[in-house]
Amino acid sequence: MSAAHADMSLKPSPLKRVGLRWSRYRGTLIAVAAFLVCLGLIRLVSGSLNYYDISTIATGGATLATAAIGQTIVVLSGGFDLSAAAVISLVNVTLASHMQDDPSSILLWSCAGIAIGAAAGAFNGFFIAFLRLQPIVVTLATMFILQGVTLLVMDKPGGQLPAGFSAFFTADAIPEWLPGPVLMLVLLVLGWLLLKNTVFGKAIYAVGSDRDAARAAGLNTRLCEFFVYVLAGGLYGLAGVFISAQTGSGDPLVGNPMLLQMFAAVVVGGTLLGGGRGGPVGTIFGAYVLMMVVNILLVLNVPAFYSSVVEGTILILAVLGASITRTSVLASTLRLSGRRLAAWRQGRLPRQLSLSETRLRLPADQPQLARPGFWTRRQEDLRTVLPAFACFAIVLVVSQFVLGSTLASWGYYNSLIVLASFLAILALGQGSVILTGGLDLSLPWTIAFCGIVSAGLMKGSDSAMLYALPLALAIGTFIGLLNGLGIVALGLSPIVMTLAMNGILQGFALVYSGGTPDGFSAPGLRWIMTGQVMGVTPIVPLVILFVLFAAILLGRTAFGRRVYAIGNSVRAAELSGVPVGATLVKVYMLSGFCAALVGCLLAGFSGQASLGMGDDYLLPSIAVAVVGGTLITGGRGRYIGMIGGVLLLTALQTLLAGTTLPYATRAILYGVVVLCAVITLREKSS
């Protein structure tokens, strides 16, 4: 065969080339098609679609599209960035507090907004790229640090931005022809297309596809990851600048709703979570699809409370749609379920057969090894657990000097245990999830929703508590069941599943309460949380019993051993006969149950439930586990160490509450403590 014929035989057929191109650009093309369908629906329901409507749509979705481009670049490299929304809020309040009405100030602070985002990205990139910390933990800690800094800059909505600044970003670039936001997004796309063909752009895809292979090919993967977060941070900063121009004022919470929307836009736009495939072009259309879906629902008189439910559902469906293949987890689950059903019908399941029990026996002359002593066996546990208790003792001594009458005061310890009870309960649920190598980001609104449900059913009645509490706990357990099934049966990432669930629960809580929760906790529950019996609050002995139960559950039962086995190696656990799927589902059900219990107890502590009552417990629930010696990647840690973290952070919080430091410092402190603990444990585990 000649060389020409050989070359022709190696070239794919035209039909195969079309298939390859479709596979490559499928996500973007689907996002474009969905965008056009949404435009058509808007024209259908509103009766018109003129230039003013298009300009309004372009302006309304530009902030989300810009921020989602940054998130897309991070996801392409195989990472996650949970700090993006906090960067937007910080830039917004900074501009609203400092920008003056003159061209030089407008230019200076617009550039400063982008620089703030890039600096936050450099902070993330340093810990992720050079210290090799988990992106989820680093960016989550950064999110809380930035939220604290934002509240220090502006603790409530206010400020006013110059009209010229707003007009520059939101007015028409070409009157009646080209809206300014569209021009901005076009320039961003052109910049990405230029970057994509550079060594850095190709390295982003290579790192996201296979970091080890990229490193073996000679790419500086660490430098690439670092600049990915810097670039993404700059785009978040630009989004903060644009939303400042759009709103004309500052709001420390303006970016919070965008976190879920960003990930949904990334996935709807065809970018693969895990990296290596996709791009910002599809993300832009995905962002506008999300915005227009919400607008269509509003035009159809669907309450705005459902928006987060829709966004969370879209995120789950989009991830499923992008991952469905013959080898996907969902396809494997369906095939396995079909085979098990067929085996059950034929009576061939192991439990349907009368099989004799056989066990392996060691030879009688097997040499007996001497069992190591107690301190030798517990050396690693003590090394990771004791630091939290040692730091707790130091905080107690400092509290004695700052607050006075603490070391010898039972009232102080009683109050400390009451305040620590919430985190002690969450430590069991979130800690178990972390031990398996996951994270449960649905805790905030699981707490809030179950607290609202329980208080709404009790309405101040002790008799109603008899059915309200079990129902709320059952709801929390069911939420955990859904999280577990989404992760195990559908193959969704724990981060994606629980983040989407958190958004869905937020919408359900708003719909259920009508935006204003009513009802009061039962007097009996309030007495458990705030009453006194011989100087002891009733919850104190109950918490002690709970701690003993949790320590036994994770340390002395088959369930606990399975949790540790999964955290160390899922594959090894499967080969050892551990029911990995069933155990993971139980772990998330336990987390949901603990979150629901905390919601009910919080309602009893304050007398009623409120929206957002669980927001302050997400990072602390992770912090107590990490500070207590638990590896964030799973497989190592002890519940008693988590209790040390609970006591340390609660005592530290009590100490700060007794000083003149502002409330925002608590969020900053939590973020710093988590980063320091993760760095310390990383060094010890290496």
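Residues numbered from 1 in each chain as written. Predicted model: local features only at pLDDT ≥ 70, side-chain atom pairs only at ≥ 80, totals over all residues. Heavy atoms only, no water.

**Q** So, the overall build of the protein: which residues are in play, and what are the values?
**A** Across its full length, the protein carries 29 helices and two strands. For the protein, the C-alpha radius of gyration of 27 Å lies close to 26 Å, the compact-globule estimate for 686 residues. Here the protein holds 686 residues, and the buried ones make up 49% of them. Long-range pairs, those at least 24 residues apart, make up 79% of the contacts in the protein between residues at least 6 apart in sequence. Here the protein displays about 31800 Å² of accessible surface, and carbon together with sulfur accounts for 66% of that area. Side-chain charges of the protein comprise 40 positive and 24 negative groups, with the mean position of each set lying 16 Å from the other. (Helix = DSSP H or I, 4+ residues; strand = E, 2+ residues; numbered from the N terminus. Rg over C-alpha atoms; globule rule 2.2 N^0.38 Å. Buried < 20%, exposed > 50% of the residue type's maximum accessible area, 1.4 Å probe, protein only. Contact = heavy atoms within 4.5 Å. Areas by Shrake-Rupley, 256 points an atom, 1.4 Å probe, with all protein chains shown as cover. Lys, Arg positive; Asp, Glu negative; His and termini not counted. Charge placed at Lys NZ, Arg CZ, Asp CG, Glu CD.)

**Q** Any details on the packing of aromatic side chains? Residues and values, ideally.
**A** Applying the stated criterion across every chain, the model contains 16 aromatic pairs. Between Phe126 and Phe127, the ring centres sit 5.3 Å apart and the planes meet at 80°, which makes this aromatic pair edge-to-face. The exposure class assigned to Phe126 is partly exposed, which follows from its relative accessible area of 40%. Given a relative accessible area of 11%, Phe127 falls into the buried group. When the centroid spacing of 6.3 Å and the interplanar angle of 70° are considered together, the rings of Phe422 and Tyr617 count as edge-to-face. Residue Phe422 is found in helix H18 (residues 410-435), and its partner Tyr617 is found in the loop between helix H26 (580-606) and helix H27 (618-627); the two are separated by 195 residues along the sequence. Residue Tyr617 is classed as buried on the basis of its relative accessible area, which comes to 17%. (Phe/Tyr/Trp six-rings, centres within 6.5 Å; stacked < 30°, edge-to-face > 60°.)

**Q** Which residues make up the nonpolar core, and what are the values?
**A** Grouped together as the largest cluster of nonpolar side chains are 194 residues, with contacts concentrated most on Phe165, Tyr288, Met292, Leu315, Leu428 and Tyr639. Top element by residues in this core is H18. It accounts for 14 residues. (Core = buried A, V, L, I, M, F, W, Y, C linked by side-chain atoms within 4.5 Å.)

**Q** I'd like a rundown of helix H24 (residues 558-568), residues and numbers included.
**A** The periodicity of an α-helix, 3.6 residues per turn, causes residues three or four positions apart to be oriented the same way. Of the positions making up H24, those classed as buried are Phe559, Gly560, Val563, Tyr564, Ile566 and Gly567. The arc enclosing the buried residues of H24, seen along the axis, measures out at 160°, which places them on a common side. Exposed and facing more than 90 degrees away from the buried side of H24 are Arg561 and Asn568. Elements in contact with the buried residues of H24: H18, helix H23 (539-556), helix H25 (570-575) and H26. (Arc of directions from axis to C-beta.)

**Q** Explain the state of the cysteines residue by residue, including any values.
**A** Applying the stated rule across the entire model yields zero disulfides. Cysteine Cys600 is unpaired, with the sulfur of Cys450 as its nearest cysteine sulfur at 6.5 Å. Here Cys600 falls in the buried class, since its relative accessible area comes to 0%. (Disulfide = S-S within 2.5 Å.)

**Q** Kindly report on the packing of helix H4 (residues 84-98) against helix H11 (residues 221-247), identifying the contributing residues and their values.
**A** Where H4 contacts H11, the axes come no closer than 8 Å and their chain directions differ by 50°. With respect to H11, the axis of H4 lies oblique. Between H4 and H11 the crossing geometry is right-handed. Contacts between H4 and H11 involve Ala84, Val87, Ile88, Val91, Asn92 and Leu95 on the former and, on the latter, Gly233, Tyr236, Gly237, Ala239, Gly240, Val241, Ile243, Ser244 and Thr247. (Axes fitted to C-alpha atoms, helices over the stretch in contact; angles between N-to-C directions. Parallel < 35°, antiparallel > 145°, perpendicular 65-115°, else oblique. Left-handed = near helix turned anticlockwise from the far one by under 90°.)

**Q** Would you mind going over the packing of H4 against helix H5 (residues 103-130) in detail, with residue names and values included?
**A** Viewed as axis vectors pointing N to C, H4 and H5 meet at an angle of 155°, and their least axial separation amounts to 10 Å. Between H4 and H5, the interaxial angle falls into the category roughly antiparallel. Considering only the axes of H4 and H5, their crossing is right-handed. Mapping the contact onto sequence places Val87, Leu90, Val91, Thr94, Leu95 and His98 in H4 and Ser105, Trp109, Gly113, Ile116, Gly117 and Ala120 in H5. The residue inventory of the contact of H4 with H5, partitioned by class, reads seven nonpolar, five polar and no charged. (Nonpolar A, V, L, I, M, F, W, Y, C, P; charged D, E, K, R; others polar.)

**Q** Which residues make up the layout of surface pockets, and what values do they have?
**A** Counted as a void, the largest pocket has a volume near 1600 Å³. Around the largest pocket, the lining comprises 50 residues; the ones closest to its centre are Gln147, Asn256, Gly612, Asp615 and Asp616. Per-element tally for the lining of the largest pocket: the top contributor is helix H6 (residues 135-153), with six residues. (1 Å grid on protein atoms, 1.4 Å probe; cavity = no way out; pocket = protein on both sides within 12 Å on 5 of 7 lines; lining within 4 Å. Points joined across faces, edges and corners; volume = space filled by probe spheres on them.)

**Q** I'd like a rundown of unusual backbone geometry, residues and numbers included.
**A** In the Ramachandran plot, Arg132 falls in the positive-phi region, its phi being about 60° despite a non-glycine side chain. One can find Arg132 in the loop between H5 and H6. Taking relative accessible area as the criterion, Arg132 reaches 30% and is therefore assigned partly exposed. Non-glycine residue Met534 carries a positive phi angle of around 55°.

**Q** A description of a nonpolar patch on the surface should follow, citing residues and the corresponding values.
**A** On the surface, Ile394, Val397, Val398, Phe401, Val402, Leu403 and Leu407 cluster together into a nonpolar patch covering about 640 Å² of accessible area. Of note, Leu407 is situated in the loop between helix H17 (379-402) and H18. (Patch = residues over 30% accessible without salt bridge, like charges linked within 9 Å, V, L, I, M, F, W, Y side chains within 5 Å. Salt bridge = Lys/Arg side-chain N within 4 Å of Asp/Glu carboxyl O.)

What is shown is where atoms sit, not what they do.
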